[in-house]
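Structure assessment
These are the residues of each chain, in order.
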Amino acid sequence: MALLERAIEAHGGAERWAATEALDVELHARGPAFTLKGRRGRHVRATLQTDRPVVTFRDFPSPGRTGVYDAGHVRIDGDERSAADARAAAGRARWDDLGELYFDAYALWQYMTAPFGFTAPGFEVAELDDRRLRVRYPAGVPAHSREQVYSFDAAARLVRLDYTAEVISRFARAAHICTAHREFDGLLFPTRRRVHPRLPGGRALRAVTLVAIDVASVAARPRPR
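What you see as residue numbers is a count from 1 along each chain, following the sequence as written. With the structure being a predicted model, the display of local features is reserved for residues of pLDDT at least 70 and the display and counting of side-chain atom pairs for 80 or more, all residues being used for whole-chain, interface and lining totals. Note that the side-chain values use all heavy atoms of the structure and ignore hydrogens as well as water.

Our next topic: the pattern of salt bridges. Should the charged atoms of two oppositely charged side chains come close, the side chains can pair. Any Lys or Arg side-chain nitrogen located within 4 Å of an Asp or Glu carboxyl oxygen qualifies as a salt bridge. Throughout the structure, instances matching the rule amount to 15 salt bridges. Ionic pairing is found between Arg65 and Asp77, a salt bridge with its closest N-O pair at 2.8 Å. Here Asp77 lies in the loop between strand E5 (73-76) and strand E6 (79-81) and Arg65 lies in the loop between strand E3 (54-58) and strand E4 (66-70), a separation of twelve residues in the sequence. Where Arg81 meets Asp96, a salt bridge forms, and the shortest distance between an N and an O atom there is 3.0 Å. A run of H or I in DSSP counts as a helix once it spans at least four residues, and a run of E counts as a strand once it spans at least two, with each numbered from the N terminus.

The structure is reproduced here in structure tokens:
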């Protein structure tokens, strides 16, 4: 069986994913990557669509407000920004609310839909060896970088992502380590994610944690029959 097939099976299976319309996710994200952008990190309560990059953040950027990301376009309570303008805002030295929304939302969608989303039209997937996939994202899907490497353990569980957070800098090379896998509603997700600088040769500088993400819960919303 191909590595992508094994990975999808290990994370709950294609049939379970196809029956899921959306994921309700609660997590906490923090770290110096936020501090450098003038932010403190965030307790996230969000709903993301499984088949397209649409993410709704509750209580964002403050209680009672709603942030929506739709294929790169962002809005908060009527204040909107186009995909191009939102990406430009995310690349500035200091984030405003819409710039942070853009970054947080596309990153969350990318993280939570892997590896299932790799079978969607436009994705190009190649096995580098029996534990690693090189994935090229289609142009219409916002991502950290168009080409990324996903690594899996012997049980085909996701354990690492290698990418460059290009919206931050072309030098923002990251090794994103995934552990503490848990099953939620029949789907398996890593609940502890740590992003470290990636050194030449691919080694993760684990002494430095740029972003720490701890997932508290994931609930799968069934697709209407």
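This part is about the nonpolar core. Membership of the largest hydrophobic core comes to 59 residues, with the highest contact counts inside it found for Leu23, Val55, Phe57 and Tyr150. Contacts were defined at the residue level, with two residues in contact if any of their heavy atoms lie within 4.5 Å. With near-sequence residues (within four places) excluded, Tyr150 lies in contact with Gln110, Ala114, Phe118, Arg131, Arg132, Leu133, Val135, Tyr137, Leu158, Arg160 and Leu161. Remark: nonpolar core denotes a set of buried residues (Ala, Val, Leu, Ile, Met, Phe, Trp, Tyr, Cys) joined through side-chain atoms within 4.5 Å. Summary of the burial criterion: residues with accessible area below 20% of their type's maximum are buried, those above 50% are exposed, and those between are partly exposed, where the area comes from a 1.4 Å probe applied to protein chains only.

Before going further, it helps to examine helix H5 (residues 97-113). Helix length check: H5, at 17 residues, gives a terminal C-alpha distance of 24 Å against a target of 24 Å (1.5 Å per residue), a fit within 8%. Among the 17 residues that make up H5, 16 are buried, leaving the element largely enclosed by the rest of the structure. Under the convention used throughout, the expected extent of a helix is 1.5 Å for every residue step, that is, one less than its residue count.

This paragraph deals with the side chain of Thr20. With respect to the helices and strands, the residue Thr20 is situated in strand E1 (residues 20-30). Take Thr20: its relative accessible area is 0%, and that puts it in the buried class. Among residues more than four places away in sequence, those in contact with Thr20 are Thr50, Leu187, Ala220, Arg221 and Arg223.

With omega at 0°, the peptide bond leading from Phe60 into Pro61 counts as cis. Omega for the peptide link from Ala114 to Pro115 comes to 5°, which places this bond in the cis form. Tracing the backbone through its elements, the reader meets Pro115 in the loop between H5 and strand E7 (124-127). At Asp59, a position not held by glycine, the phi torsion is positive, near 55°. Take Asp59: it is sitting in the loop between E3 and E4. We classify Asp59 as partly exposed; its relative accessible area is 37%. Phi at Ala180 takes a positive value of approximately 55°, unusual for a residue other than glycine. By the element assignment, Ala180 lies in strand E11 (residues 173-184).

With that settled, consider the layout of surface pockets. Of the grid points, spaced at 1 Å and generated over the protein atoms alone, those admitting a 1.4 Å probe that cannot get out make up cavities, while open sets with protein on both sides within 12 Å along at least five of seven lines make up pockets; any residue with an atom within 4 Å of a point is treated as lining. Grid points are joined across faces, edges and corners, and a volume is the space filled by probe spheres set on the points. Put simply, the largest pocket is a space of about 550 Å³. Looking at the largest pocket, it is lined by 31 residues, and the ones nearest its centre are Ala33, Phe34, Phe103, His144 and Val211. If you list the elements that add at least two residues to the lining of the largest pocket, you get E1, helix H3 (32-35), strand E2 (42-49), H5, E11, strand E12 (187-197) and strand E13 (211-222). Ten residues, namely Ala, Val, Leu, Ile, Met, Phe, Trp, Tyr, Cys and Pro, are considered nonpolar, four, namely Asp, Glu, Lys and Arg, are considered charged, and the remaining ones, Gly among them, are considered polar. Classifying every residue of the lining of the largest pocket by side-chain character gives 24 nonpolar, one polar and six charged. Lining the second largest pocket are 19 residues, with Trp17, Thr50, Phe116, Gly117 and Ala120 positioned closest to its centre. When residues in the lining of the second largest pocket are grouped by element, the largest group, three residues, is from helix H2 (residues 14-18). Looking at side-chain class alone, the lining of the second largest pocket contains twelve nonpolar, four polar and three charged residues.

Another point: the packing of aromatic side chains. Only Phe, Tyr and Trp rings are paired, with Trp represented by its six-membered ring, and only when their centres lie within 6.5 Å; those with planes under 30 degrees apart are stacked, over 60 edge-to-face, the remainder tilted. Taken as a whole and judged by the stated rule, the model has eleven aromatic pairs. Here the aromatic rings of Phe34 and Trp95 are separated by 6.2 Å at their centres, their planes lie at 70°, and the arrangement is edge-to-face. In this pair, Phe34 sits in helix H3 while Trp95 sits in the loop between helix H4 (83-90) and H5, placing the two residues 61 residues apart along the sequence. With relative accessibility at 7%, the residue Trp95 sits in the buried group. One aromatic cluster is present, formed by Phe34, Tyr69, Trp95, Tyr102, Phe103 and Tyr106 through successive ring pairs. Just above the ring of Tyr106 sits the side chain of Arg87; from NZ or CZ to the centre is 6.0 Å. Geometrically, a lysine NZ or arginine CZ counts as sitting over a ring once it is within 6 Å of the ring centre and also within 35 degrees of the ring normal.

Interpretation note: all reported values are geometric properties and have no functional meaning in isolation.
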